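As a plain string of letters, each chain reads:
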Amino acid sequence: QVQLVESGGGLVQAGGSLRLSCTASSRTFSGYAMGWFRQAPGQEREFVGAISRTGHMTYYTESVKGRFTISRDNAKNTVYLHINSLQPEDTAVYYCAAGLVYSDPGRFDYWGQGTQVTVSS
């Protein structure tokens, strides 16, 4: 079992930037692909993007390409989500997840509790 804790959310004005962090308790963090998901009010949880075990491969949903960047630091057991040019529609609870395959959004098994991102206009 992997414990995941997100942080870095908050209230941001439209056009601003934010960096979310997700830290894992497992010593085998580097053995997992890591994904980011989000859930807006009244909406289903959606896939945002993911990163491979080594950090050399990433995969994003088309709607966030160019604004969202995922990176990881395996020495710190941490994955990051950098968001630029925030828009009100980015308002959501953001979750990180660990899985075996970075390229398949349906194969993430461990989840954090989420961190709230609110974008004001």
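Residues numbered from 1 in each chain as written. Predicted model: local features only at pLDDT ≥ 70, side-chain atom pairs only at ≥ 80, totals over all residues. Heavy atoms only, no water.

S.K.: Requested: an account of the sheet that holds strand β7 (residues 68-73), with residues and values cited.
M.R.: Read across the open sheet, the four strands follow the order β1-β3-β8-β7; overall the sheet is antiparallel. Of all the strands in the sheet, the pair left with one neighbour each is β1 (4-7) and β7. Taking each pair of neighbouring strands and ignoring which way they run, the sheet shows an average axis angle of 20 degrees. (Pairing = 2+ DSSP bridges. Helix = DSSP H or I, 4+ residues; strand = E, 2+ residues; numbered from the N terminus. Axes fitted to C-alpha atoms, helices over the stretch in contact; angles between N-to-C directions.)

S.K.: Describe the state of the cysteines, with residues and values.
M.R.: For the structure on display, the rule yields one disulfide. At a sulfur-sulfur separation of 1.8 Å, the disulfide partner of C22 is C96. Here the S-S torsion is close to 50 degrees, and the disulfide linking C22 with C96 is therefore right-handed. Here C22 is found in strand β3 (residues 18-24), whereas its partner C96 is found in strand β9 (residues 92-99), with 74 residues between them in sequence. With a relative accessible area of 0%, C22 lands in the buried category. For C96, a relative accessible area of 0% translates into the label buried. (Disulfide = S-S within 2.5 Å. Buried < 20%, exposed > 50% of the residue type's maximum accessible area, 1.4 Å probe, protein only.)

S.K.: Which residues make up the packing of aromatic side chains, and what values do they have?
M.R.: Overall, the coordinates contain five aromatic pairs when judged by the stated rule. Seen in terms of ring centroids, F37 and F108 are 5.6 Å apart; in terms of plane orientation they differ by 80 degrees. Their pairing is edge-to-face. Within this pair, whereas F37 is found in strand β4 (residues 33-39), its partner F108 is found in strand β10 (residues 108-111), the two being separated by 71 residues in sequence. Seen in terms of ring centroids, F37 and W111 are 4.6 Å apart; in terms of plane orientation they differ by 55 degrees. Their pairing is tilted. (Phe/Tyr/Trp six-rings, centres within 6.5 Å; stacked < 30°, edge-to-face > 60°.)

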